[in-house]
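# Report on the structure
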There are 2 protein chains.
Amino acid sequence: MEIKIVRKVLDVNNTMAQQNRNLFAGKKVFVLNVMSSPGSGKTATLVKTIKRLLPEIKCAVIVGDICSTLDADRLSVTGVQVVQVNTDEFGGDCHLAAHVIGNAAGSIDLDSTDLLIVENVGNLVCPAEFDIGEDARVVVLSVTEGEDKPVKYPLMFRVCDAALLNKIDLLPYLEYDRKAVVKNILQIHPGMSLFEISAKTEEGFDPWIAWLKEKVKKKLKN
Amino acid sequence: MEIKIVRKVLDVNNTMAQQNRNLFAGKKVFVLNVMSSPGSGKTATLVKTIKRLLPEIKCAVIVGDICSTLDADRLSVTGVQVVQVNTDEFGGDCHLAAHVIGNAAGSIDLDSTDLLIVENVGNLVCPAEFDIGEDARVVVLSVTEGEDKPVKYPLMFRVCDAALLNKIDLLPYLEYDRKAVVKNILQIHPGMSLFEISAKTEEGFDPWIAWLKEKVKKKLKN
């Protein structure tokens, strides 16, 4: 019974996601859905990413949290449009659903946006199940979280196009098996794009920014 | 409509949780529900905790993951009874529901168990909503996750009796404001018990073990 209910919710979500996709296609906006556990460094990564993309790529952000505007406050220092969604207004949802993104996009000037970044609620499980009409999905995994997460949360790694392995500045202080995490990721998602980065030092940002820029520009041209 | 459905699921869960509570009361088993983000160090913390409780407190563990038996393998080195629940068998659930705990408890010799530890699915959101019939709830928060998590995931900190701030061995390498996280936790949950620990070095374990032992012994006496 429970599974049936979930299916219905997901069917409605897929319809709304298609509406979002049509809207974003018409406006030539590339949508990036960024997901991770709480505390992986999504916000810090996005602040540094946006600073490197500007002014060439015009960015906007929808940031989802159950409560607070802490992340929106941090993102707004980049000067781009930021919309904070608090899911506690509709029951403390653990993910951003497509209709929430559709509503939030109404507050953004899409005509002057090339890249709309959605910073999802910190959760390595549920957001992976909800299509929001995005063009690409990225999962951020902090190296402090250990090597086993791709095996334990496979759906997230299966649905994402790229994984950002963040906080590599802490590697000297961790017992971390880099080969094991790469093997685990590629076992779940063969060929997945991987970028080892530090949002603190910006080490490893060049290939990640190049990957993202190429994807955004491809959509702008079409 | 969605909220109504969620309510119904939670009502059924509360009924099952009460059945669990009656079972555990009859068997004089103290049940500890341990929750956190993925990668906070729950399993490492529990391995060290169990080793310190044995042989005085007889322990057993139910460990929840969407996939894999990695955590059960790590916990089984303690020699205690370990039951792995994989939620992908019922739709990849992001939490352990009361009926799942009831079923898993059937595989455990409760007559020779004082403390049943439930290591929940790594998720700072959904498990907080599901009563499993436990006596106490603990949230593990890695210091690498930042200071803002109590404010962003308030329900988890509200429903838990204690917070374990883990990985304090990494503090010299982080920009971490200890006072801010304590303030954030106590703002959400005044009087919450706090233990700063390192599952790696076992620093800070004494007060945490004393807190847990006292709670377990109190139930055993009644």
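Cut-offs applied
- Residues numbered from 1 in each chain as written.
- Chains lettered and ligands numbered in written order.
- Predicted model: local features only at pLDDT ≥ 70, side-chain atom pairs only at ≥ 80, totals over all residues.
- Heavy atoms only, no water.
- Salt bridge = Lys/Arg side-chain N within 4 Å of Asp/Glu carboxyl O.
- Core = buried A, V, L, I, M, F, W, Y, C linked by side-chain atoms within 4.5 Å.
- Buried < 20%, exposed > 50% of the residue type's maximum accessible area, 1.4 Å probe, protein only.
- Contact = heavy atoms within 4.5 Å.
- Phe/Tyr/Trp six-rings, centres within 6.5 Å; stacked < 30°, edge-to-face > 60°.
- Helix = DSSP H or I, 4+ residues; strand = E, 2+ residues; numbered from the N terminus.
- Arc of directions from axis to C-beta.
- Pairing = 2+ DSSP bridges.
- Axes fitted to C-alpha atoms, helices over the stretch in contact; angles between N-to-C directions.
- Parallel < 35°, antiparallel > 145°, perpendicular 65-115°, else oblique.
- Left-handed = near helix turned anticlockwise from the far one by under 90°.
- Nonpolar A, V, L, I, M, F, W, Y, C, P; charged D, E, K, R; others polar.
- Least-squares fit on C-alpha atoms with pLDDT ≥ 70 in both.

## Side note on the pattern of salt bridges
Where charged atoms from two side chains of opposite charge come close, those side chains can pair. Counted by the stated rule, this structure contains 36 salt bridges over all chains. Taken together, the shared-partner salt bridges connect A:Asp65, A:Asp71, A:Arg74, B:Asp148, B:Lys149 and B:Lys152 into one network.

## Some points on the nonpolar core
Counting 94 residues, the largest nonpolar core has A:Ile62, A:Phe157, B:Ile62 and B:Phe157 as the members making the most contacts within it. Filtering out sequence-adjacent residues up to four positions away, A:Phe157 remains in contact with A:Val139, A:Leu141, A:Lys149, A:Pro150, A:Ala163, A:Ile185, A:Ile188, A:His189 and A:Met192.

## Re the packing of aromatic side chains
All told, the structure shown has seven aromatic pairs over all chains when counted by the stated rule. Each ring, one from B:Phe195 and one from B:Trp208, has its centre 6.1 Å from the other, and the planes form 55 degrees; the classification is tilted. With B:Phe195 in strand β7 (residues 193-196) and B:Trp208 in helix α8 (residues 205-221), this residue pair connects regions lying 13 residues apart in the sequence. Centre to centre, the rings of B:Trp208 and B:Trp211 are 5.9 Å apart; their planes meet at 25 degrees, and the pair counts as stacked. Of this pair, B:Trp208 and B:Trp211 both sit in helix α8, three residues apart, which is roughly one turn of that helix. By relative accessible area, which is 14% here, B:Trp211 ends up buried. Among the aromatic residues, ring-to-ring pairing joins A:Phe195, A:Trp208 and A:Trp211 into one connected group.

## Topic: helix α4 (residues 98-105) of chain A
All of the buried residues in α4(A) are A:Ala98, A:Val100, A:Ile101, A:Ala104 and A:Ala105. One side of α4(A) holds all its buried residues, which, seen down the axis, span an arc of 160 degrees.

## Overview of the sheet that holds strand β6 (residues 162-166) of chain A
Residue and element names in this part refer to chain A. Read from one edge of the open sheet, seven strands run β3-β2-β4-β1-β5-β6-β7, paired in parallel fashion. Strands at the two margins of the open sheet, each flanked by one partner only, are β3 (81-86) and β7 (193-196). The mean angle between the axes of side-by-side strands here comes to 20 degrees, regardless of whether they run parallel or antiparallel. With four bridges joining them, β6 and β7 adopt parallel strand pairing. The partner of leucine 165 across the bridge, within β7, is glutamate 196.

## Notes on the environment of A:Leu70
When you line up the elements, A:Leu70 lands in helix α3 (residues 70-75). By relative accessible area, which is 32% here, A:Leu70 ends up partly exposed. Beyond its immediate chain neighbours, meaning those up to four positions away, A:Leu70 contacts A:Gln84, B:Asp148, B:Val151 and B:Lys152.

## Some thoughts on the packing of helix α2 (residues 42-53) of chain A against helix α8 (residues 205-221) of chain A
Residues and elements named next belong to chain A. Two elements in contact, α2 and α8, have axes separated by 11 Å at closest approach and are oriented at 65 degrees. Comparing the axis directions of α2 and α8 gives the class roughly perpendicular. In the packing of α2 onto α8, the handedness of the crossing is right-handed. Touching Thr45, Lys48, Thr49, Arg52 and Leu53 of α2 are Phe205, Asp206, Trp208, Ile209, Leu212 and Lys213, all from α8. Of the residues belonging to the contact of α2 with α8, the class tally is five nonpolar, two polar and four charged.

## Quick notes on the relation of the copies chain B and chain A
After a rotation of 180 degrees and a shift along the axis of 0.0 Å, chain B superposes on chain A with an RMSD of 0.0 Å. The relationship between the two copies is best expressed as a two-fold rotation axis. Most of the interface of chain B is mirrored in chain A: 100% of its interface residues are interface residues there too.

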